[in-house]
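Next come the chains, spelled out residue by residue.
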Amino acid sequence: MALEERARSCLLRFRHRLEQDIKPSYLMDHMISDGVMTVDEEEKIRTKPTRKDQSAALLELLLMKDNRAYISFYNSLIKESYDDLAHLLREDLPSIFCEAHKSSSDSATSYVQTVLSEGGVPQRPVVFVSRPELVNRVREKLYWLQKDPGWVTVFGMAGSGKSVLTAEAVRHHGLIEDCFPGGIHWLAIGQLDKPDLLVKMQSLCFRLEQSLDSQTLSRPPNSLDEAKERLRFLMLRRYPRSLLILDDIWDSTVLKAFDIHCRILLTTRNRSLTDSVSGAKYEVGVQSGLDENKGLEILALYTKMKPHGLPEEARSIVRECKGSPLVVSLIGALLKDNPNRWCYYLRQLQQKQFKRIRKSSSYDYDALDQAMAASIEVLPDEHRELYKDLTVLEKDIKIPAKVLSVLWDLEPEEVEDILQEFVDKSLLFVDSHHKPYLYYLHDLQLDFLVEQNRTQLEQHYRDGPPTSGDEECLYWIRFLTYHMAKANLSQELYSLMFSLDWVSTKSQIMGPAHLINDYVEYGSILDKEFQEFLSQNGHQLEERPFPDVVQLALSQPHNSEVYRQARLQAQDRTSTGKLYFDLVNKSGVENLSRLVIHPHQGSIYSACFSHDGTKIASCGASKTLKVFKSTSGEKLTEIQAHDDEVLCCAFSPDDHLLATCSTDRKIKVMFEEEHEEQINHCQFTNTTKRLLLATCSNDDCMNLWNLNKPSSQNTMFGHFAPVSHCCFSPDDSYLSTSSNDGTIKLFQVSSANEWKTINVRDLVAENDEEVLVKCSTWTGDGKLVICAVRNAVLLWDLEANKKMADCSGHLSWVQRVQFSPDGSQLLSCSDDQTVRLWETNKVHTSSAICLKRDSNVLFNGEEIVVSAADNCNRLQVRCKKNLHKNNVGCLFEVLELPSGKLLANLLGHTKTVLHCQFSQNGQTLITSSEDTTIRVWRWQSGECKVLQGHKEQVRCFSLLSNSPNESRLLSWSFDGTVKVWDTETGEKLQDIEAHRGTILGCHVSPDGCLFATTSADKTAKLWHCESWQCAYTLNGHQDCVRSCRFSWDSQRLATGDDNGEIRLWSVKDGSLLKICCPDSKDGMDSLHGGWVTDLHFSPDNSLLVSTGGYIKWWNVEKGEALQTFYPTGSALKKVHVSSDFSTFVTIDNIGILYILQRVA
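Each residue is numbered by its place in its chain's sequence as written, counting from 1. For a predicted model such as this one, the threshold for reporting local features is a pLDDT of at least 70, and the threshold for listing and counting side-chain atom pairs is 80 or more; totals across whole chains, interfaces and linings nevertheless cover every residue. Only hydrogens and water are removed before side-chain values are computed, so all heavy atoms of the structure are retained for them.

Labelled according to an unreviewed UniProt entry, the chain appears under the name CARD domain-containing protein, originating from Amphiprion ocellaris.

Rendered as structure tokens:
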């Protein structure tokens, strides 16, 4: 049927408005789900270059469709909160009459059995009674999902039969055919945390993808957000008309993970859970007990009698247990084996009704406790004790018999016989769809067991944890730490969690989320040193490939227990060929961070303490708002806050409200208001006496909003560039603002007048460079202001207008800083995707003294001398002696050059000098510069030869050999050329057009026969030193080739690129030998944490060390990574290597010096 004319006219009338405002991608998801649009049509629209073009193409397609497409488009606008646009289309909606529901038989056809079996829907219980009224009510609600997505909630108390009822409702041919031809998918949820929820969602995604095509399986999603998007894609695109059943939902935050605009039925005890999600909602309440006739029917089926032939005690039993399906089933199973005990079991129930077996519990069902006690008492003595052992299991976890064979130390076959006895007596449930069978307790049964056996619970463990990776040992891998902590096995738990085998096994099978959760959960059992180690390094455990925990621990202080264990393990493993490196100069690597958290993917723009100091909120490029504990980093909640990047978040004074602002121009709290441009920050007043919200924007203005009257109360002017942050003083008298104009301004709140300006730019800038002040905040006494500039945090005294202290540690721009309520801690967040907590009393002026990455190192036996400039334009010479002695008192010495006398002042270069080098005899100094020249100085006389010819800066050069008589100099430049010079005469010997792009690196082979060049044109080249001809062009890198190095035997060449990839080439024929790279990219979207900037072979050419975001050591023959060292900073520029390949010296981008000694 064609689109009605009035609907067509409406679309044409409002076409321009729709094109301007809609985002087509989400709308098309709904339309595909409704079956009015194909995936091919969506792909054609997605190829359009801009959002507006895509919107125009979607409307053009809609005009060619029918009434159903128009209605689907209208409903999509409603679901995506385009209420104003939907209102425009509402009056001209076409009228479509719903078809009558098809009727079909309830017989379990093979088609229905296949659909339900593939979707994991549980089978009917052996003893089953029909409840047609409730079943039909559920089916009636499910038919409402025939056309549109929505939620059907089946709610009722525990043991009321919700799951059985739901499974029976979907066991209907007509319902499946009419409403859910895409299938029915069952997922048991239960009580779980975020890591467990991720595992569940991974399992569902795997099941759905496997059903489609086993050849196109994707990797499991790594986060809840990714899992949600994957599930959204599968349900809307691949299974557009299917039903997802979520069994036993407890938590609204879990339910939000499935808020993907599909058709969902959930069973729960809390009917209000769906208040937290969007979409149409329908409910079916399940009464807590069966009526008397249904209860008698269950007892009759168990005892194989007719209902009217049951004794009078049967009716009394049903009444005493209040018709609970679970209790009636328990008693019925007992009577099946002992049919003459009607009076006995009734008497047991009646007697225990006045004497509670448990003093308190999360459930208030007397009858269930009484039935449980009666059921357990009939077990043989040895089996009764085994049943009590099930107390150690966690709720909602299904386990194979093999797990219990570990717990009971029995043969699996014997365990299966015992479990079958428990199942027969309804003391245990079995999932027969899974092979091997999985067994589980109802949570009411587990609650009863825990309360009964609290004082006599015994834990059973083998001598060591199962680390085979056997899938049937999954329970122990997941919950062993839980059981050990519960049994107070602190020492065993400590040993387990520092076992590299355990860490590797659990992380590979369960993922890092479970492992990090263990470290946070049981930090109180571990000693303080180990807890600090995990707090500062836990975020590294999310790296892939997984880092070596022993290597991470070798960076800890020498006198710590963590280091002692790591050193012993490292020494033991070096005998098997493993590589480990000890950080010798630990005293020079001051870590001011108390906790490092990696909460978001992408830059973090804001983080703030709650006013009670127990929580931290953060937001950023991920568009989400997250709240977590300030002590451990445990996530408490996650909210999809805006449609675009979230730039700021702030707690209200009572911590009950959170305000956010975004690049979508919206402030979200109790109301929404808009600036003319992007809103960068929002801040509540500190007290409720006069509750205001301050906001600042790219329109160079600051606004004050009265929350009791959502309108702008006052506007402040004074900055000449976008204002990035604002903050009230502790007494709310002043408002500090930070701007891209390089200043901090202080305004009086009452009058909106400017009070004081701090010109940060003049204090930190060199030359005329731009300084963006990202943030400023106040100390508790209001006397000091701290601000974020670049990757550092700076503290000023307001009265003296003087810098008091500073600190660095972030790898990129710091976006926000804030003090804790008591001022003892400082919170900062950065573009490096981390949130850091600092101890305020450790932050001092010298914290910011850092070395620059250009350095030189002299290795002299066991002595190392490092010279490098610092950020105060001073030359520092640091000496380290006795490298093999790990005594605490062996510290750096910072030496001033004797007398500081100026020996020569060589003037000539007109721009920055980039490189300098003495000749072998020390009489000649060679320099290169940004001014495109090279100068050869007789520095004592001042005589100079200028080597001119390059057109762009000359960053480096090299003498063709180390011979004292060598006068030939090789230079390379950004102009893509290599030139050869005679330093004695100044003559240019060769001029080689080497590359089409900038030359980034060059190295001469040790035998002097060849040299190699690397370039931004993604190639490396080998050249003959005699003929100056290109021997080979080495193609294959996918990014700029930045570094190269010959092996000492001149047989191999290593090259490294900006994607973090290292390639090994044969010098003989230019062939590729190996590609050295990890299995996957890291968080920086690189294979090496950044550019590969330096390479060195070991003397025997068997090992290779490389620098990038971190240092890696490689097996040259296999191309495999042997070890990784993660610095505090990043972007390592160069590594100095001792002649025996045992000592490595480097400086990171925040100026920290590292001296690494190979563990022997």
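Caption draft 1: Seen up close, helix α15 (residues 292–303). The secondary structure listing takes helices from DSSP runs of H or I that are at least 4 residues long and strands from runs of E that are at least 2 residues long, numbered from the N terminus. For a helix, the expected span equals 1.5 Å multiplied by the residue count minus one. Look at α15: 17 Å from first C-alpha to last across twelve residues, which is about the 16 Å you get at 1.5 Å a residue. Exposure categories follow from relative accessible area, calculated using a 1.4 Å probe and restricted to protein chains: below 20% of the type maximum is buried, above 50% is exposed, and the middle band is partly exposed. Every buried residue belonging to α15 is among Gly 295, Leu 296, Ile 298, Leu 299, Ala 300, Tyr 302 and Thr 303, and all of these are buried. The N-terminus of α15 is capped by Asp 291, whose side-chain oxygen sits 3.2 Å from the backbone nitrogen of Asn 293. Of the residues flanking the end of α15, it is Lys 304, one or two places downstream, whose phi is positive at about 55 degrees. Any pair of N or O atoms that falls within 3.5 Å is considered a polar contact. Within protein, one atom must be able to donate a hydrogen and the other to accept it, and sequence-neighbouring residues count only if both atoms are side-chain atoms.

Caption draft 2: Broad picture of the pairing of strand β48 (residues 1030–1034). When DSSP locates at least two bridges between a pair of strands, those strands are taken to pair. Across four bridges, strand β47 (residues 1020–1024) lies against β48 in antiparallel orientation. Note on β48: the bridge partner recorded for Leu 1022 is Tyr 1032. In this antiparallel pair of consecutive strands, β47 and β48, the connection spans five residues, and Trp 1028 shows a positive phi of 60 degrees.

Caption draft 3: A look at the confidence of the model for the chain. Along the chain, pLDDT gives the predictor's confidence residue by residue, from 0 to 100. On average, the chain scores 78 in pLDDT, and the residues at 70 or more come to 76%. The contact criterion used is simple: two residues touch if any of their non-hydrogen atoms lie within 4.5 Å. For the stretch residues 352–367, pLDDT sits under 50, and the model shows 38 contacts to residues farther than four places along the chain or on other chains. Under a pLDDT of 50 for its full length, residues 454–472 has, in the predicted model, 37 contacts with residues more than four places off or in other chains.

Caption draft 4: Just the sheet that holds strand β55 (residues 1111–1115), in detail. Pairing is antiparallel across the open sheet formed by four strands, whose spatial order is β53-β54-β55-β56. Two strands lie at the open edges of the sheet, namely β53 (1094–1097) and β56 (1120–1125), each paired on one side alone. The mean inter-strand angle of the sheet, taken between neighbouring strand axes irrespective of direction, is 20 degrees. In the sheet, β53 pairs with strand β54 (residues 1103–1107) via four bridges, with the strands oriented antiparallel. Bridge assignment links Leu 1095 to a residue of β54, and that residue is Ser 1106. Axes here mean lines fitted to C-alpha atoms, for a helix over just the part in contact, with angles spanning 0 to 180 degrees between N-to-C directions.

Caption draft 5: Summary view of a positive patch on the surface. What goes into a patch is any residue over 30% in relative accessible area without a salt bridge, connected to like charges within 9 Å or, for nonpolar side chains (Val, Leu, Ile, Met, Phe, Trp, Tyr), within 5 Å. Values of accessible area rely on a 1.4 Å probe in the Shrake-Rupley scheme; residue burial ignores everything except the protein chains shown. In the sections that follow, a salt bridge refers to a side-chain nitrogen of Lys or Arg positioned within 4 Å of a carboxyl oxygen of Asp or Glu. In summary, the charge assignment counts Lys and Arg as positive and Asp and Glu as negative, without counting His or the chain termini. Lysine's charge is taken at NZ, arginine's at CZ, aspartate's at CG and glutamate's at CD. Where like charges cluster on the molecular surface, the positive patch consists of Lys 23, Arg 51, Lys 52 and Lys 623. Along the polypeptide, Lys 23 turns up in the loop between α2 (15–21) and α3 (24–33). Overall, the relative accessible area of 42% leaves Lys 23 in the partly exposed class.

Caption draft 6: Broad picture of the packing of helix α5 (residues 51–63) against helix α6 (residues 67–79). Across the interface, α5 lies against α6 with an axial gap of 9 Å and an inter-helix angle of 145 degrees. Of the residues in α6, those touching α5 at Leu 58, Leu 59 and Leu 62 are Ala 69, Tyr 70 and Phe 73. Residue polarity follows a fixed list, in which Ala, Val, Leu, Ile, Met, Phe, Trp, Tyr, Cys and Pro are nonpolar, Asp, Glu, Lys and Arg are charged, and the others, Gly among them, are polar. Residues belonging to the contact of α5 with α6 are distributed by class as follows: six nonpolar, no polar and no charged.

Caption draft 7: Up close: the environment of Ser 776. Inspection of the secondary structure puts Ser 776 in strand β26 (residues 773–778). Separated by 31 residues in the primary sequence, Ser 776 and Lys 745 place their C-alpha atoms 9.7 Å from one another. Every residue in contact with Ser 776, bar those within four places of it in the chain, is listed here: His 725, Cys 727, Ser 736, Thr 737, Ser 738, Ile 744, Val 785, Ile 786 and Cys 787. A distance of 3.2 Å separates a polar atom in the side chain of Ser 776 from a polar atom in the side chain of Ser 736. Engagement of the side chain of Ser 776 in a polar contact is seen with the side chain of Ser 738, the distance being 2.8 Å.

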